[in-house]
Amino acid sequence: MKTKDEKKGVLQAVERILDNYLEMNNHRKTPERYAILKAVYSIGSHFTLDELGQKLAEDDRFPVSRATLYNTLNLFMELRLVIRHRFQGTTKYEACYAGDSHCHQICTVCGKVTEVKSPEIAETIENMRLKRFRKDGFSLYIYGICSTCQASITRKLKKNKKTRNTE
């Protein structure tokens with residue numbers, strides 16, 4: 001978990017990256033882009049386009065169109081400030097600055113996504129020698145069934161077994 005000062009430092013760093021890109025490419029520095037960037041880095045987990053729009057509305061900022069959100073997130077992906085995941089038919093985004101490499105557990109029944117930190121996997125990937133390729137980070141997906149869904153399935157199986165035995 002990052003401290004408040006670390007979060008502030010990350011936000012300042014990503015704002016500088018955005019500033020530099022916009023200046024170098026003669027793009028406007030719109031308040032929408034910076035509000036979206038701040039919202040993305042304040043969420044702290046995976047989010048959908050709709051969730052990001054709700055976050056902006058909740059924070060008493062101006063409303064931002066879905067097209068603006070989509071186009072801005074595409075820009076942030078180009079700058080490697082955001083990564084897009086496709087989980088079980090759902091598209092989610094995540095802030096990815098400062099080496100936030102990690103694994104995702106994805107339940108194939110309910111679709112719940114949980115982040116998992118694994119120093120062993122991170123170390124293995126860091127030590128990998130890849131030919132003509134520079135690693136920036138990684139994301140690993142582990143599919144299975146979460147404990148809540150396992151318990152539900154077990155209850156259903158027991159109930160069905162009891163029903164069959166009483167017939």
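All values reported here derive from a predicted model rather than from experimental measurement.

Caption draft 1: Main features of the side chain of His 104. By the element assignment, His 104 lies in strand β3 (residues 102-107). Of the residues examined, His 104 reaches a relative accessible area of 0% and is grouped as buried. Excluding anything up to four places from it in sequence, His 104 contacts His 46, His 85, Phe 87, Glu 94, Val 113, Thr 114, Glu 115, Ser 139, Leu 140, Tyr 141 and Ile 142.

Caption draft 2: Inspection of the pairing of strand β1 (residues 82-87) at higher detail. Bridge count between β1 and strand β2 (residues 90-95): 6 bridges; the pairing is antiparallel. When the sheet's bridge partners are listed, Phe 87 is paired in β2 with Thr 90. A loop of 2 residues connects β1 with β2, the two strands running antiparallel in sequence, and Gln 88 in this loop sits at a positive phi of about 45°.

Caption draft 3: Quick look at the confidence of the model for the chain. Mean pLDDT over the chain: 87, with 95% of residues reaching 70 or higher. When pLDDT is averaged over each helix and strand of the chain, the minimum, 85, is found for strand β4 (residues 113-116) and the maximum, 94, for helix α4 (residues 66-78).

Caption draft 4: Broad picture of the nonpolar core. Membership of the largest hydrophobic core comes to 27 residues, with the highest contact counts inside it found for Val 40, Tyr 41, Leu 52, Leu 73 and Phe 76. Of all the elements in the fold, those that place two or more residues in this core are α1 (4-24), α2 (31-43), α3 (49-58), α4 and β2. The element best represented in this core is α2, accounting for 7 residues.

Caption draft 5: Spotlight on the environment of Ile 83. Here Ile 83 lies in strand β1. For Ile 83, a relative accessible area of 26% puts it in the partly exposed group. The spacing of Ile 83 and Cys 107 is 24 residues in sequence and 20 Å in space, taken between C-alpha atoms. Filtering out sequence-adjacent residues up to four positions away, Ile 83 remains in contact with Lys 92, Tyr 93, Glu 94 and Cys 96.

Caption draft 6: Broad picture of the packing of aromatic side chains. Across all of its chains, the model carries 2 aromatic pairs by this definition. Ring centres of Phe 87 and Tyr 141 lie 5.6 Å apart, and the angle between their planes is 85°; this geometry places the pair in the edge-to-face category. Remark: Tyr 141 occurs in strand β5 (residues 139-144) and Phe 87 occurs in strand β1; sequence separation between them is 54 residues. Residue Phe 87 is classed as buried on the basis of its relative accessible area of 2%.

Caption draft 7: Inspection of the pattern of salt bridges at higher detail. Evaluated as defined, the whole model comprises 3 salt bridges. For the salt bridge of Asp 19 with Lys 29, the shortest nitrogen-to-oxygen distance reads 3.8 Å. You can see Asp 19 sitting in helix α1 and its partner Lys 29 sitting in the loop between α1 and α2, a full 10 residues away along the chain. The exposure class assigned to Lys 29 is partly exposed, which follows from its relative accessible area of 41%. Note that Arg 66 is salt-bridged to Asp 50, the shortest N-O span being 2.5 Å. One end of the pair, Arg 66, is in helix α4; the other, Asp 50, is in helix α3, with 16 residues separating them in the sequence.

Caption draft 8: Inspection of the state of the cysteines at higher detail. In this structure the tally under the stated criterion is 0 disulfides. Cys 96 takes part in no disulfide bond, and the closest cysteine sulfur to it belongs to Cys 103, at a distance of 16 Å. For Cys 103, a relative accessible area of 1% translates into the label buried.

Caption draft 9: Structural view of the packing of α2 against α3. Two elements in contact, α2 and α3, have axes whose closest approach is 10 Å; the angle formed by their N-to-C orientations is 105°. When the axis of α2 is compared with that of α3, the two are roughly perpendicular. On α3, the residues touching Ala 35, Ile 36, Ala 39, Val 40, Ser 42 and Ile 43 of α2 are Leu 52, Lys 55 and Leu 56. Of the residues contributing to the contact of α2 with α3, the split by class is 7 nonpolar, 1 polar and 1 charged.

How each quantity is defined
- Residues numbered from 1 in each chain as written.
- Predicted model: local features only at pLDDT ≥ 70, side-chain atom pairs only at ≥ 80, totals over all residues.
- Heavy atoms only, no water.
- Helix = DSSP H or I, 4+ residues; strand = E, 2+ residues; numbered from the N terminus.
- Buried < 20%, exposed > 50% of the residue type's maximum accessible area, 1.4 Å probe, protein only.
- Contact = heavy atoms within 4.5 Å.
- Pairing = 2+ DSSP bridges.
- pLDDT = per-residue confidence, 0-100.
- Core = buried A, V, L, I, M, F, W, Y, C linked by side-chain atoms within 4.5 Å.
- Phe/Tyr/Trp six-rings, centres within 6.5 Å; stacked < 30°, edge-to-face > 60°.
- Salt bridge = Lys/Arg side-chain N within 4 Å of Asp/Glu carboxyl O.
- Disulfide = S-S within 2.5 Å.
- Axes fitted to C-alpha atoms, helices over the stretch in contact; angles between N-to-C directions.
- Parallel < 35°, antiparallel > 145°, perpendicular 65-115°, else oblique.
- Nonpolar A, V, L, I, M, F, W, Y, C, P; charged D, E, K, R; others polar.

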